[in-house]
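Here is what each chain is made of, one letter per residue.
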Amino acid sequence: AARLWAQTQAGEDPAAMVPADSRLYVRVEGAGTLHAMWEKDPLLAALRKSLKAPPAPRAWSQVQELMSMPARELLERYLGRTAALAGGFGKQRGNVMILSRVEKSDWEIVPQRLRLLPAEKIGPFDSWTTDDGKGLLAWDGAWLVVSDSRKAQALRPILERGGADPPLRDDEEFRRFT
């Protein structure tokens, strides 16, 4: 019942999982499709040719290597449906989380390939930590939440309830601008 409640609360709207006091919220729909369109755009192609891209962060390269997938496939499978970046919530500084709708078949390979360590069940979410103890990943059967494990205290109430209380999606000002 708790799992069904969590999935119903958020549905396809990550703003249901984000606390109303968040100071940062960016939602992206279809990141994989956008990435493909950007690659075909002639203006962006000219910019890519003339501007040297910074090297990918080491962690991103490691994820690609461990998952045995190129960046584009990772984007499509793990951020390509509905994804959001939220931050600045709670009392602890630096709270940031990534939320993404992930298919069960895509999620099932993640813990083994990324060498995640099983952690506790938090509400409807099963959770794992990275082997260096810095990352926290939680999955409820539909939503993947990724955060810094050292900031987990701010995330715990959200995961326990399967959503924020009150959620950003119910905030009047947020609704006015979205």
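Overview of the structure.

Here is what the cut-offs are and how they apply
Residues numbered from 1 in each chain as written. Predicted model: local features only at pLDDT ≥ 70, side-chain atom pairs only at ≥ 80, totals over all residues. Heavy atoms only, no water. Core = buried A, V, L, I, M, F, W, Y, C linked by side-chain atoms within 4.5 Å. Buried < 20%, exposed > 50% of the residue type's maximum accessible area, 1.4 Å probe, protein only. Helix = DSSP H or I, 4+ residues; strand = E, 2+ residues; numbered from the N terminus. Phe/Tyr/Trp six-rings, centres within 6.5 Å; stacked < 30°, edge-to-face > 60°. Pairing = 2+ DSSP bridges. Axes fitted to C-alpha atoms, helices over the stretch in contact; angles between N-to-C directions. Contact = heavy atoms within 4.5 Å. Polar contact = N/O pair within 3.5 Å; in protein donor to acceptor, adjacent residues only side chain to side chain.

## A short note on the nonpolar core
For step 1, the next point in the chain: Formed by 21 residues in total, the largest nonpolar core has its most connected members in Val-18, Met-97, Leu-99, Phe-125, Val-145, Leu-155 and Leu-159.
For step 2, the next point in the chain: Elements supplying a minimum of two residues to this core: strand S2 (82-87), strand S3 (96-101), strand S6 (135-139), strand S7 (143-148) and helix H8 (152-161).
For step 3, the next point in the chain: Element by element, the count of residues in this core is highest for H8, at 4 residues.
For step 4, the next point in the chain: Counting residues in hydrophobic clusters, the runner-up holds 13 residues, among them Met-67, Met-69, Leu-114 and Leu-144.

## Quick word on the packing of aromatic side chains
For step 1, the next point in the chain: Taken as a whole, this structure holds 3 aromatic pairs when the rule is applied.
For step 2, the next point in the chain: Pairing Trp-107 with Trp-139 gives two aromatic rings, centres 5.6 Å apart and planes at 20°, and the pair type is stacked. Placement of Trp-107 in helix H6 (residues 104-107) and of Trp-139 in strand S6 is noted, with a sequence separation of 32 residues between them.
For step 3, the next point in the chain: Since its relative accessible area comes to 3%, Trp-107 is described here as buried.
For step 4, the next point in the chain: Connected via pairs of aromatic rings, a cluster forms that spans Trp-107, Trp-128 and Trp-139.

## Considerations on the sheet that holds S6
For step 1, the next point in the chain: Pairing in this open sheet of 7 strands is antiparallel, and the strands run S1-S2-S3-S7-S6-S5-S4 from one edge to the other. Each edge of the open sheet carries a strand with a single partner, namely strand S1 (24-29) and strand S4 (117-122). Geometrically, the sheet is characterised by an average inter-axis angle of 20° between neighbouring strands, direction not taken into account.
For step 2, the next point in the chain: Pairing of S3 with S7 involves 5 bridges; the strand directions are antiparallel. Looking at the pairing, Ser-100 lines up with Leu-144 of S7.

## Concerning the side chain of Thr-82
For step 1, the next point in the chain: Locating Thr-82 in the fold gives a position in strand S2.
For step 2, the next point in the chain: Relative accessible area serves as the criterion here: at 2%, Thr-82 is assigned to the buried category.
For step 3, the next point in the chain: Once residues lying within four places of it in the same chain are set aside, the contact partners of Thr-82 are Glu-12, Pro-14, Arg-27, Val-28, Glu-29, Leu-99, Ser-100, Arg-101 and Trp-143.

## Concerning the side chain of Ser-100
For step 1, the next point in the chain: Along the chain, the position of Ser-100 falls in strand S3.
For step 2, the next point in the chain: Accessibility expressed as a relative area gives 1% for Ser-100, which makes it buried.
For step 3, the next point in the chain: Looking at Ser-100, its side chain comes within polar contact range of the main-chain oxygen of Tyr-78, at 2.4 Å.
For step 4, the next point in the chain: Setting aside residues no more than four positions away along its own chain, Ser-100 makes contact with Tyr-78, Leu-79, Thr-82, Ala-83, Ala-142, Trp-143 and Leu-144.

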